[in-house]
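A structural walkthrough
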Amino acid sequence: MRRNLLAMAGVAGLSALAASFGATQAEAQEVTLRMHQFLPAQANVPKYVLDVWADKVEAESNGRIKIQRFPSMQLGGTPPELIDQVIDGVADIVWTVAGYTPGRFPRTEVFELPFMMTNAEATSKAYWTIAEEQMLDQDFKDFHTIGVWVHGPGLIHSKEPIRKVADLNGVKLRAPTRVTNMLFSSLGATPVGMPVPAVPEALSKGVIDATVIPWEVAGILKVPELVTNHTEFPGASLYTTAFIFAMNKDKYDSLPDDLKAVIDANSGLEFSGWAGKTMQAYDAPTRKVAVERGNNIIELTPDEVQEWRDASQPTIDAWVKEMNDKGLDGTALLEEARGLIAKYTDGN
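All values derive from a computational prediction rather than experimental measurement. (Residues numbered from 1 in each chain as written. Predicted model: local features only at pLDDT ≥ 70, side-chain atom pairs only at ≥ 80, totals over all residues. Heavy atoms only, no water.)

This brings us to the confidence of the model for the protein. Mean pLDDT over the protein: 93, with 92% of residues reaching 70 or higher. For residues 5–9, every residue scores under 50 in pLDDT, and the model assigns this stretch 0 contacts once sequence neighbours within four places are set aside. A low-confidence stretch, residues 14–26 (pLDDT under 50), is modelled with 2 contacts involving residues beyond four sequence positions or located in other chains. (pLDDT = per-residue confidence, 0-100. Contact = heavy atoms within 4.5 Å.)

On to the side chain of Thr101. Checked against the element boundaries, Thr101 lands in the loop between β3 (93–97) and α4 (120–135). Leaving out residues up to four positions away in the same chain, Thr101 has contacts with Pro80 and Ile83. (Helix = DSSP H or I, 4+ residues; strand = E, 2+ residues; numbered from the N terminus.)

Here we take up the pairing of strand β6 (residues 172–175). In this structure, β6 lies alongside strand β7 (residues 190–193), joined through 4 bridges in parallel fashion. Residue Lys172 lies in a different strand from β7, and its bridge partner there is Thr190. In this fold, β6 hands off to helix α5 (residues 178–186), which returns the chain to β7; that crossover is right-handed. As paired elements, β6 and strand β8 (residues 210–213) share 2 bridges and run parallel to each other. Opposite Leu173, over in β8, you have Ala210 as the bridge partner. (Pairing = 2+ DSSP bridges. Right-handed = clockwise from strand over helix to strand, strands pointing away.)

With the rule as written, the count across this model stands at 20 salt bridges. In this structure, Lys125 and Glu121 form a salt bridge, with 4.0 Å as the shortest nitrogen-oxygen distance. Here the residue Lys125 and the residue Glu121 both occupy positions in helix α4, the gap between them amounting to 4 residues, near one helical turn. Using a relative accessible area of 27% as the deciding quantity, one classes Glu121 as partly exposed. Residues participating in the shared-partner salt-bridge network are Asp51, Asp55, Glu58 and Arg69. (Salt bridge = Lys/Arg side-chain N within 4 Å of Asp/Glu carboxyl O. Buried < 20%, exposed > 50% of the residue type's maximum accessible area, 1.4 Å probe, protein only.)

What follows deals with the environment of Ile65. Summarising the element assignment, Ile65 is placed in strand β2 (residues 65–70). Along the chain, Ile65 and Val262 lie 197 residues apart, while their C-alpha atoms are 9.2 Å from each other.

Attention now moves to helix α14 (residues 330–345). For α14, with 16 residues, the first-to-last C-alpha span of 22 Å sits near the 22 Å given by 1.5 Å per residue. Among all positions of α14, only Gly330, Leu333, Leu334, Ala337, Leu340, Ile341 and Tyr344 are buried. Considered in projection along α14, the buried side chains sweep an arc of 135 degrees and stay on one side of the axis. Against α4, α11 (269–281) and α13 (302–325) lie the buried residues of α14. Following α14 by one or two positions, Gly347 adopts a phi angle in the positive range, close to 85 degrees. (Expected span 1.5 Å × (residues − 1). Arc of directions from axis to C-beta.)

Here is the structure:
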């Protein structure tokens, strides 16, 4: 009996030791995550948003999370394939444009409607808030969402001056998303869809006459060297683009709780707002380059901006009807987005 009890105690002790060792191993687990995106490493978003985020996660995990950075689609594929790459595990983390897969994330489009955005930080926070309420378990259910944001004021970069809506007639124009293609088609342009890395070659070869992108990314694409006219909408934003920063769901679920906590601490509302704010902050340097080159900066007057607002309203109405027809209540979504943007713009 005594020998049996001693043997049982020994087994129990070994089990406890093994459990303790296993827990220590779990706590010490190191994870390497592959982060994939479509811009060159020296572009503003990789350099000042994605790398800053990755460095912070690595530091806060005490080096137990390692993030390999793959810019310019180095893991293969095309920008529209990024979202499926993160779902399928080709990449562990991706940054992409929601509209690269048209119609797949319908609720994100509300933020891309003309003249919706006030500033990128407030609009990005509104985007996250609605994502948390409606998208994470619906539009975004196949991946783990780290953050969502938009860029600063969208503007037109063109070979010929564009001031009035009528100046768009017949212009071959690259637009980034389904909503912006709807908009410019209704305004008389001929939209040409392509991911943003294709813009420089398309401009230089005459495939397009104009493009709409924020100043922030125009620099890395050398747009001020390829066109000489830039149409701004002071105090307003003609459009913006919705981005998604996502992680493979299985990879996130496989992390020990303390490493999940590191990812979580660098996700969500404040991170999304910061990412949008950071993007917009880098509009100024490229605009300065265009000014120094002597390019034609066309700053529309309030009355001219109003002409564009009035001409854009049918696009908003058509989008709301389309969402309503899909059972998504576009009217309520538009009203909530506008209310949240106003709330975060006022700092509440």
